[in-house]
Every structure is written in C-alpha cells, then in structure tokens.
Amino acid sequence: MKEIEKAKEHFEKIILEQLERIERMKKDVEWIDYSKIKPIIIGVVGGDGIGPYICRHAQTILEFLLKEGIDNGKIEFRTIEGLTIENRAKVGKAIPDDILGEIKKCHVILKGPTTTPKKGDPWPNIESANVAMRRELDLFANVRPVKVPEKGIDWMFFRENTEGAYILGSKGINVNEDLAIDFKVITTQGAERIIRLAFDYAKKNNINKVTIVTKANVVKTTDGKFLKIAEEVAKDYPEVEWDDWFIDIMTAKLIDPARQKDFKVIVMPNLYGDILTDEAAQIQGGVGTAGSANIGKRYAMFEAIHGSAPRMVEEGRAKYADPSSIIKAAAMLLNHIGYPEESKKLDMALDICHQYEKKIKITGRSDGATGEEFAKYIMDTLVDPKLEEKWKNYQISQ
Ligand code: IPM
Ligand code: MG
C-alpha cells in the first residue's frame, strides 16, 4: 500500500536523523568556561505579547547588577528583535534563520515567552520556538527550582529537554485519515547526560537523594531505557541515594504533605518534566513565580515559564504584566555565568517584593503596579544594606 511505503520512508528519515544526532552527542563538547570568556554576550530575545515588556525590566535589573562587568568589557548585552509569531508565520519556521544566526553569536539568552500555535489557531501550525531553540542550541537540561520554605520544600527538577515526546513532536505521521502516530525517542547519550547532571548536582550540594520519574511499567522501551541508564549512572555516585517513581503516583505524592520533604533532586524525561514542573510551580504560588534554565554545554537560555498573554497587549495592559518569572530567570542566568552572589541577592529581593513584604502589588490591571514600578521596587530592595537580614527574618517568621 502506498501509505505504508510513505510511512516507512518517513520513519527511515527519522531514524537516520536520530543516528546522526547521536554521533554529534558522542563528540562530547567541553563545558563552556565563562571565567575565560570576554565578553560574555547576553542576548535578550523579547518574543511575543508581553515578552518585550517584561524582558526590558529584567534587563534593567541585570544591567544594574552587572554594571562593573559591563564597564570593564566582561559583559555585553544584545537585543535580538523579531522572534515574533508574525515573523515566524511569514517564513513558516519556528525560528527564522537570521534570528537563529544572531542567537548563536551569543553565549546566553534571556528569553521572553513566545506564542506556540496549536491546531485551530489563526497561525500556521509551526513548531514551538522554545522547543526549536532547545534543540538547535542543544540545551539538554531544563533546570527548574521550586521552594516553599514553610513546608520544607526545596526541589530541583532536571527535565530532559531535547528528546522524549518532544523531539519528534512535529514529525508524527498521519498514515491515513484514521491512523495518527507520534514518536518518542530516548537515546543512551541523551538520557545519560541529564541523569549525570542531576547526580552531579546532588553530590556537589551534599543532597543525598535523587528521584527518577518514568512510566517504565507501561512505556517499556524508552522509559525502560531511561530507568536502566539511571541505575547504571547511580553506581558512580555511591554517596547519593536514589529511588524511582512512576509519573502518575509522583504527581499525587508531590501534593502529599507527608512526602513533600522527601523529594530533593528529581530527574525525568521531557514530557513528564513539563507536567511535573507546572504542578510544582503551582505549589510554590503559580507558574508565574518560577523561572526556567535551559542548559547546554555551549549555550544556555533562561526564560519565563508563562505564556505571552496577547490579550493583555490587545487590551493595553502590557505595562501591568508581572515580570517576576523573567526576573527569576535572570537570577538563574547570573548564577550560571559566574555571579552567584548577585544571583542570590536578586533571589532574595524577589522573595521580599513578591512574596513577603509586598509593598506594591501587581494585578495585571490598572489597579496594580506597573512592571516598571515593580522593577524599581526590586532595585530599591537590592541596594538596601539590610537585604539579607530582612530576608532571613521573613524566612524565620514564616
Ligand atoms: C515549558 C512550556 C513549553 C514546553 C511549551 C511552550 C512548548 O510548557 O517550557 O514548559 O512544553 O516545554
Ligand atoms: Mg510547560
């Protein structure tokens, strides 16, 4: 049958692409060393909707904290415009070539939300710009911290970011009118590098527990492989205990107060990580409160984890959009490029302004503060000599 032949050809092409990708992974590039790079180029990609508005505030704060580095030529900012749904739709690509070229000239990217079209939207059904960027820059680790001190929650999620159900998400086959098939991919190299990163993180930070999440009882081939590789990697870390959970019961246990404290470092394939980190962010106070780091050996990208809220722009409310998530991402960026103290300060200021002191509030509407006012509040808090003391007091009183 013609349709079977077509499907076979399609499948063959996919396998070839994946085998090539494996060869690239095997080349094992060295991790970039920011201490040796001058200038470290930070690209700011505003994206869609409220993206450019909130990114501007995060950039202002970064420029403030990195002033010395900027002055002595260690840090350079670049604004990369045009990663908008209109431009992407025009060329029918998740990331237009010229923009990808600009992005690749940077070292780290601060990225606002980008609209992901789904079936039925007015836009062509192009791939998500996030997913494409993660793949193009080989950002294999999606690192998402979630903390709720009063509940003893201190979680670090390591979501595999370049394969799983996502890698061929836009390359499924409609074999005929009735049969649709998607693919899920796990490779030895892809699983190993994310699992190792999670164990390394646990070891470095004296955290004695790594949790692996799969659905290996049902999705036997790919998730089974992920779990098997975890077993092997774990042998290299005898000082770190580990356990494994299936994703269904894991989503339940994540909201079980008796269990929450037991989870510490959690590592899992792409789609489970997508779902679990939204659940975790909600426990912390909503997806708007979480930041997301996408880490690869050469590049890294830091992003807000909420959407582009086009309605806020249409209704003239963009200036009231909450920049907290992108500011959180900026704090992660600082830590990643070798400014851990500045990062910690920004985290503390964000906690104070957003969760504890709340002198001004953002509501997303004109009855609340603007993003600019909020950014100013953060900066005033940052320069407060009593910042750390204040933050600690809030932690105790919680
Ligand atoms: C995220 C988002 C993305 C994802 C979307 C926008 C494609 O939900 O960063 O978690 O599914 O990875
Ligand atoms: Mg998500």
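Scroll up a little and you will see the structure.
**Observations regarding the overall build of the protein chain**
Per the secondary structure count, the protein chain includes 15 helices and 12 strands. Expressed along its principal axes, the backbone C-alpha trace of the protein chain runs to roughly 70 × 50 × 45 Å. Buried residues in the protein chain amount to 52% of all 398 residues. Put simply, of all contacts in the protein chain between residues at least 6 apart along the chain, 74% involve residues at least 24 apart. Element-wise, carbon and sulfur atoms account for 51% of the exposed surface of the protein chain, whose accessible area totals about 19400 Å². Within the protein chain, one finds 60 positive and 63 negative side-chain charges whose respective centroids are separated by 1 Å.

**Quick notes on the site of ligand 1**
In the neighbourhood of ligand 1, the contacting residues comprise Thr116, Ser128, Asn130, Val131, Arg134, Arg144, Arg159, Tyr166 and Asp274. Side-chain polar atom of Asp274 to an oxygen atom of ligand 1: 2.9 Å apart, as the coordinates give it. For ligand 1, the protein covers 76% of the area, taking 310 Å² as the surface of the free molecule. Across the shell around ligand 1, the residue classes break down as two nonpolar, three polar and four charged.

**Things to note about the packing of aromatic side chains**
Under the criterion given, the structure shown has eight aromatic pairs. Both rings, one in Trp245 and one in Phe263, keep their centres 5.5 Å apart while their planes meet at 75°; by these two values the pair is edge-to-face. Of this pair, Trp245 sits in strand β9 (residues 241-246) while Phe263 sits in the loop between α9 (247-253) and β10 (265-268), and the two are 18 residues apart along the sequence. Look at Trp245 and you get buried, because its relative accessible area is 15%. A cation sits over an aromatic face here: Arg56 above Tyr53, 5.5 Å from the ring centre. Lying across the ring of Tyr299, Arg298 places its NZ or CZ 4.2 Å from the centre.

**A word on empty space enclosed by the protein**
Here the structure, examined in full by the defined rule, presents one cavity of 30 Å³ or more. Volume-wise, the largest cavity comes out at about 50 Å³. As for the largest cavity, its lining consists of Val131, Arg134, Arg135, Asn161, Thr162, Tyr166 and Ile167. Partitioning the lining of the largest cavity into residue classes produces three nonpolar, two polar and two charged.

**Digging into the layout of surface pockets**
Roughly 670 Å³ of internal volume is contained in the second largest pocket. Lining the second largest pocket are 23 residues, and of these Asn125, Gly169, Ser170, Lys171 and Asp182 sit closest to its centre. Counting only elements with at least two residues in the lining of the second largest pocket, the list comes to α6 (129-136), β6 (173-174) and β7 (180-181). A breakdown of the residues in the lining of the second largest pocket according to their chemical character gives 10 nonpolar, seven polar and six charged.

**Some thoughts on the side chain of Thr114**
Inspection of the secondary structure assignment puts Thr114 in the loop between β3 (108-111) and α6. The residues contacting Thr114, other than those within four sequence positions of it, are Gly47, Asp48, Leu83, Arg88, Ala129 and Asn130.

How each quantity is defined
- Residues numbered from 1 in each chain as written.
- Chains lettered and ligands numbered in written order.
- Predicted model: local features only at pLDDT ≥ 70, side-chain atom pairs only at ≥ 80, totals over all residues.
- Heavy atoms only, no water.
- Helix = DSSP H or I, 4+ residues; strand = E, 2+ residues; numbered from the N terminus.
- Buried < 20%, exposed > 50% of the residue type's maximum accessible area, 1.4 Å probe, protein only.
- Contact = heavy atoms within 4.5 Å.
- Areas by Shrake-Rupley, 256 points an atom, 1.4 Å probe, with all protein chains shown as cover.
- Lys, Arg positive; Asp, Glu negative; His and termini not counted.
- Charge placed at Lys NZ, Arg CZ, Asp CG, Glu CD.
- Near = heavy atom within 4 Å.
- Polar contact = N/O pair within 3.5 Å; in protein donor to acceptor, adjacent residues only side chain to side chain.
- Nonpolar A, V, L, I, M, F, W, Y, C, P; charged D, E, K, R; others polar.
- Phe/Tyr/Trp six-rings, centres within 6.5 Å; stacked < 30°, edge-to-face > 60°.
- Lys NZ or Arg CZ within 6 Å of the ring centre and 35° of its normal.
- 1 Å grid on protein atoms, 1.4 Å probe; cavity = no way out; pocket = protein on both sides within 12 Å on 5 of 7 lines; lining within 4 Å.
- Points joined across faces, edges and corners; volume = space filled by probe spheres on them.

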